[in-house]
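# Descriptive analysis of the structure
So you can see what is in the structure, the chains are spelled out below.
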Amino acid sequence: MRFYRSQQLIRQDLEAHIYSQAMLANVSGLKNLCKDETKFCAVIKANAYGHGISETVNILKKADVDFFAVASIYEAIHILGMVKKQTILILEPINTTYSPDQVTICARKGIHCVLSSAEDLGFVSETLSTGKSVLRVHVNIESGMGRNGLDAELASGLIERIDRCPNTSLAGVYTHLATADEEDLSYAYVQLEKFNRFLDENSIRDRDDVIIHAANSAATIKIPESHFDMVRCGIAIYGYYSRPMSDPPVKLTPAMKLQAPIVKLKNIAAGDSVSYGRSFIPGRDTAVAIVPLGYADGYWRSFSNRAKMKVGDSVVSVVGRVCMDQVLIDVTDVPNVAVGQMVTIIDNDHRSPCGAYALAELAGTICYEIPICVHAHVNRIVH
Ligand SMILES: *Cc1c(COP(=O)(O)O)cnc(C)c1O
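Sequence order sets the numbering: in each chain, residues are counted from 1 along the sequence as written. Local features are withheld for residues below a pLDDT of 70 in this predicted model, meaning they are given only at 70 or higher, and side-chain atom pairs are given and counted only at 80 or more; totals for whole chains, interfaces and linings count all residues. For side-chain calculations, the full set of non-hydrogen atoms in the structure is used, while hydrogens and water are omitted.

### Re the packing of aromatic side chains
Where we set the bar: Pairing of aromatic side chains requires ring centres within 6.5 Å, counting the rings of Phe and Tyr and the six-membered ring of Trp. Pairs whose planes differ by under 30 degrees are stacked, by over 60 edge-to-face, and all others tilted. Under the DSSP-based scheme used, a helix requires at least four consecutive residues in state H or I and a strand at least two consecutive residues in state E, with every element numbered from the N terminus. The rule is simple: take the accessible area with a 1.4 Å probe, protein chains only, and divide by the maximum for that residue type; under 20% is buried, over 50% is exposed, in between is partly exposed.
Counted by the stated rule, this structure contains 6 aromatic pairs. Ring geometry for Tyr 49 against Tyr 368: centres 6.0 Å apart, planes inclined by 35°, an arrangement best described as tilted. Separated by 319 residues along the polypeptide, Tyr 49 in helix α2 (residues 45-49) and Tyr 368 in the loop between α10 (356-363) and α11 (369-372) bring together distant segments of the chain. Take Tyr 49: its relative accessible area is 7%, and that puts it in the buried class. Seen in terms of ring centroids, Tyr 240 and Tyr 357 are 5.7 Å apart; in terms of plane orientation they differ by 80°. Their pairing is edge-to-face. Here Tyr 357 lies in helix α10 and Tyr 240 lies in the loop between β9 (230-233) and β10 (256-261), a separation of 117 residues in the sequence.

As structure tokens, then:
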């Protein structure tokens, strides 16, 4: 198995501080919302929502986490050597593009896979038929997400085949909720009703070895009836509610702060322009600072002339267009500003003018996309 991380370019000057205590406290806060016996699956796809997959696994492997969920076989293999206590679950259904080696690794190493068709079951069964290893599979029930779940009839048929196949065993039955983050939860309850009907009609609850799961972060926080045997939390581990909540039952703290140093200071005379397109022309003589990060690093171009950053305690404005790897801020009113001083670009505070919620609002997106876009070459510094 090859680990390519060490060969990767790291920009030491771009610092994504990752706070283990915050992440661990978020996990225990979320677990406190569940029954003692409810398993906890930490979703670490998308480079752990930008927090660094290896760093996050290292922080959470000592926590009371039962599963790590990843999107692909590649992430599963990447973390395999780091994980002892937890089980890895690959969310993308296993399929015929897998090499025989990949199928075998999943079976031998106990990596759980999602299975979504009889054809894929045939492929798995054929690949494993020469050996004794058994692949543990989960079946996704379509209850209203409308993505890759299976309708009830297909799912029952597939479960029968899994039970008959000597090289597969049913380890999980789950569904995914489409609207758990919204104020109106009525559709989520319709989905749960459909899912419950499936569980009853197929006597899934009688099977002790099958883990039933449905809840993402929002459902873990807001819908106790969705917890079943395990919750699958992504965004909440990293300290965010799927969308800002006014009176949340659990306190979450952002686990990342993105910073970079001021590399240059310069004065712009009133009436002169700054950066591409001359979109900022100050009305007063202005001190600007250059921060060596841009849209290539995950700092959105749509933040141009709109976003805030922090220099010490001063809130400053991004001025002019965000470039590929540079951005300018107005530091005229910052006392004792100096080259080398650190600038906070994404703050680890929900109410901060440069927190992920504020930035997401500016970019017209959800908070997920803000830390996730922080490029893999940004230095993750674990505290
Ligand atoms: C990504 C994902 C999650 C985690 O969702 P959050 O909203 O980040 O908690 C849970 N389940 C599945 C199937 C997912 O794909």
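Past the structure itself, the notes keep going.
### Things to note about the pairing of strand β8 (residues 211-215)
Under the convention used in this document: Strands were regarded as paired on the criterion that DSSP finds at least two bridges between them. Crossovers are described as right-handed under a simple rule: with the strands pointing away from the observer, the path leading from the first strand over the helix to the second runs clockwise.
With respect to burial, β8 is a largely interior element, 5 of its 5 residues being buried. In the sheet, strand β7 (residues 168-174) pairs with β8 via 3 bridges, with the strands oriented parallel. Paired with Gly 172 across the bridge in β8 is Ile 211. Examined bridge by bridge, β8 and β9 share 2 bridges and lie parallel to one another. Paired with Ala 215 across the strands is Val 231, a residue of β9. Between the parallel elements β8 and β9, the chain passes through helix α9 (residues 217-222) in a crossover that is right-handed.

### Some thoughts on the sheet that holds strand β16 (residues 342-346)
The strands that make up a sheet pair up through hydrogen bonds in the backbone, lying either parallel or antiparallel. Which entries qualify depends on this criterion: For helices, the fitted axis covers only the stretch in contact; all axes are lines through C-alpha atoms, and the angles between them, taken along N-to-C directions, range from 0 to 180 degrees.
Strand order in the open sheet formed by 9 strands is β11-β12-β15-β14-β13-β16-β10-β1-β17, with mixed pairing between adjacent strands. Edge strands, defined here as strands with exactly one partner in the open sheet, are β11 (264-268) and β17 (378-382). Within this sheet the neighbouring strands show an average axis-to-axis angle of 35°, counted without direction. Inspection of the sheet shows strand β13 (residues 308-311) paired to strand β14 (residues 314-319) by 4 bridges, in the antiparallel sense. Bridged to Lys 310 within β14 is Val 315.

### Overview of the pairing of strand β15 (residues 327-330)
Here is the key point about a regular strand: its side chains alternate between the two faces of the sheet. Side chains Val 327 and Ile 329 project from β15 onto one buried face, and the interleaved Leu 328 and Asp 330 project onto a second face that is buried too. Here strand β12 (residues 286-291) runs beside β15; their pairing, made up of 4 bridges, is antiparallel. Looking at β15, one finds that Ile 290 is bridged to Leu 328. Pairing geometry for β14 and β15, over 3 bridges, is antiparallel. The residue bridging Val 318 from the neighbouring strand is Ile 329, located in β15.

### Considerations on helix α4 (residues 73-80)
Spelled out, the test is: Two residues form a contact once any of their heavy atoms are found within 4.5 Å.
A large share of α4 lies buried, amounting to 7 of its 8 residues. The set of residues buried in α4 consists of Ile 73, Glu 75, Ala 76, Ile 77, His 78, Ile 79 and Leu 80. Buried residues along α4 sit in contact with α2, α3 (53-60), β3 (67-70), β4 (87-90) and α5 (100-109).

### Brief notes about the sheet that holds β8
Spatial ordering of the closed barrel is given by β2-β3-β4-β5-β6-β7-β8-β9, a layout of 8 strands whose pairing is parallel. Going from strand to strand, the sheet's axes swing by 30° on average, the running direction of each strand aside. Together, β3 and β4 form the strand contacts of α4, whose direction differs from that of β4 by roughly 165°. Contacting β6 (135-140) and β7, helix α7 (residues 152-164) runs over the sheet at an angle of about 150° to β7.

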